Amino acid sequence: MKITFLGHAALLIETESHRLVVDPFITGNELARDKISLQDLQPDVILLTHAHQDHVLDVEALARDSKAQIISNYEIVSYYQNKGFEGHPMNHGGAREFEFGWLKYVNAVHTSSFADGTYGGQPGGFLLRSGGKTIYIAGDTALHMDMKLIPSFAKPDLAVLPIGDNFTMGIADAVQAADFVECRHVLGVHYNTFGYIAIDTDEAARQFEAAGKKLLLPGIGEALNI
Ligand code: NI
Ligand code: MN
């Protein structure tokens, strides 16, 4: 899988056959809007961890252009289906084989409402296996004990963890989360987009290194392969 960081918690994941966008928030992100072209993303699938604006802002623009299938919890998918978009609802603990790979919607500890106040169900994360590799996308979350179940479902080759603190885990908790999910390679997201989540990235890298982990912080538009 090729994973491109789109800023904040947004990712483009390219499997052998499909393009998946996770939590698109680009036009509202001053750091990303000049670097990432929405029109060029052309996803087949949009994965949404929860309904907060900094995760769903560009869903409608992307899905209108690409006719992408939106995959998330039941409430979020229903919200978009009622607006005429294509979707596939899941809920916590549920897994399914899709054309792009195996996907499980897993627990997160956070909140989830749309900008207009509509209930966005319970927030989650994803475990995705495709082409023999597994990626854990924690979503916005606190550190929680259910993360210890993740490696029993599928051992991740890469963990995408929030590290910005205030709204989610901070650095120290993310180091522990990497232990819980038994993954050495962490892609840090949800930091430095705005003031509340500004962190010292050098210090973050040091803390992960001291725990025997590797923190990857690609620039916006930069990609890595697993
Ligand atoms: Ni959130
Ligand atoms: Mn968020």
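Before any of the text, the structure's been laid out above.
Residues numbered from 1 in each chain as written. Chains lettered and ligands numbered in written order. Predicted model: local features only at pLDDT ≥ 70, side-chain atom pairs only at ≥ 80, totals over all residues. Heavy atoms only, no water.

## Regarding the packing of aromatic side chains
So, step 1. Applying the stated criterion to the full structure yields seven aromatic pairs.
So, step 2. Measuring from centroid to centroid gives 6.2 Å for Tyr80 and Phe85, while their planes differ by 75 degrees, and the two rings are edge-to-face.
So, step 3. Overall, the relative accessible area of 2% leaves Tyr80 in the buried class.
So, step 4. The class for Phe85 is buried, based on a relative accessible area of 13%.
So, step 5. The interplanar angle of 90 degrees and the centroid separation of 5.6 Å between the aromatic rings of Phe167 and Tyr196 together place this pair among those described as edge-to-face. With Phe167 in the loop between β11 (158-162) and α6 (171-180) and Tyr196 in the loop between β12 (185-189) and α7 (201-210), this residue pair connects regions lying 29 residues apart in the sequence.
So, step 6. Given the relative accessible area of 40%, Phe167 is considered partly exposed.
So, step 7. Here the aromatic residues Tyr79, Tyr80, Phe85 and Phe114 are joined through ring pairs into a cluster of three or more.
So, step 8. Its guanidinium or amino end placed over the ring of Phe153, Lys104 lies 4.3 Å from that ring's centre, counting from NZ or CZ.
So, step 9. The aromatic ring of Phe180 is capped on one face by Lys148, whose charged end is 4.8 Å from the ring centroid. (Phe/Tyr/Trp six-rings, centres within 6.5 Å; stacked < 30°, edge-to-face > 60°. Buried < 20%, exposed > 50% of the residue type's maximum accessible area, 1.4 Å probe, protein only. Helix = DSSP H or I, 4+ residues; strand = E, 2+ residues; numbered from the N terminus. Lys NZ or Arg CZ within 6 Å of the ring centre and 35° of its normal.)

## Here's the deal with the coordination of the nickel ion (ligand 1)
Where a metal carries four tetrahedral donors, each ideal angle is 109.5 degrees; where it carries six octahedral donors, the ideal angles are 90 or 180 degrees.
So, step 1. The protein atoms that coordinate the nickel ion (ligand 1) are His50 (NE2), His52 (ND1), His110 (NE2) and Asp140 (OD), at distances spanning 2.2 to 2.3 Å.
So, step 2. In this structure, the nickel ion (ligand 1) is surrounded by four donor atoms whose angles at the metal cover 90 to 176 degrees, and the resulting shape is irregular.
So, step 3. In terms of primary sequence, the donors binding the nickel ion (ligand 1) are separated according to H-x1-H-x57-H-x29-D.
So, step 4. Between the nickel ion (ligand 1) and the manganese ion (ligand 2), a spacing of 3.1 Å is present, and a bridge between the two is formed by Asp140. Taken together, the residues His52 in the loop between β4 (45-47) and α2 (53-56) and Asp140 in the loop between β10 (133-137) and α5 (150-153) connect sequence positions 88 residues apart. Summarising the burial analysis for this pair, His52 and Asp140 share the class buried. (Donors = N, O, S within 2.8 Å, 3.2 Å for Na, K, Ca; no water. Tetrahedral: all angles 85-135°; square planar, octahedral: opposite > 155°, others 65-115°.)

Taken by themselves, the reported measurements are silent on function.
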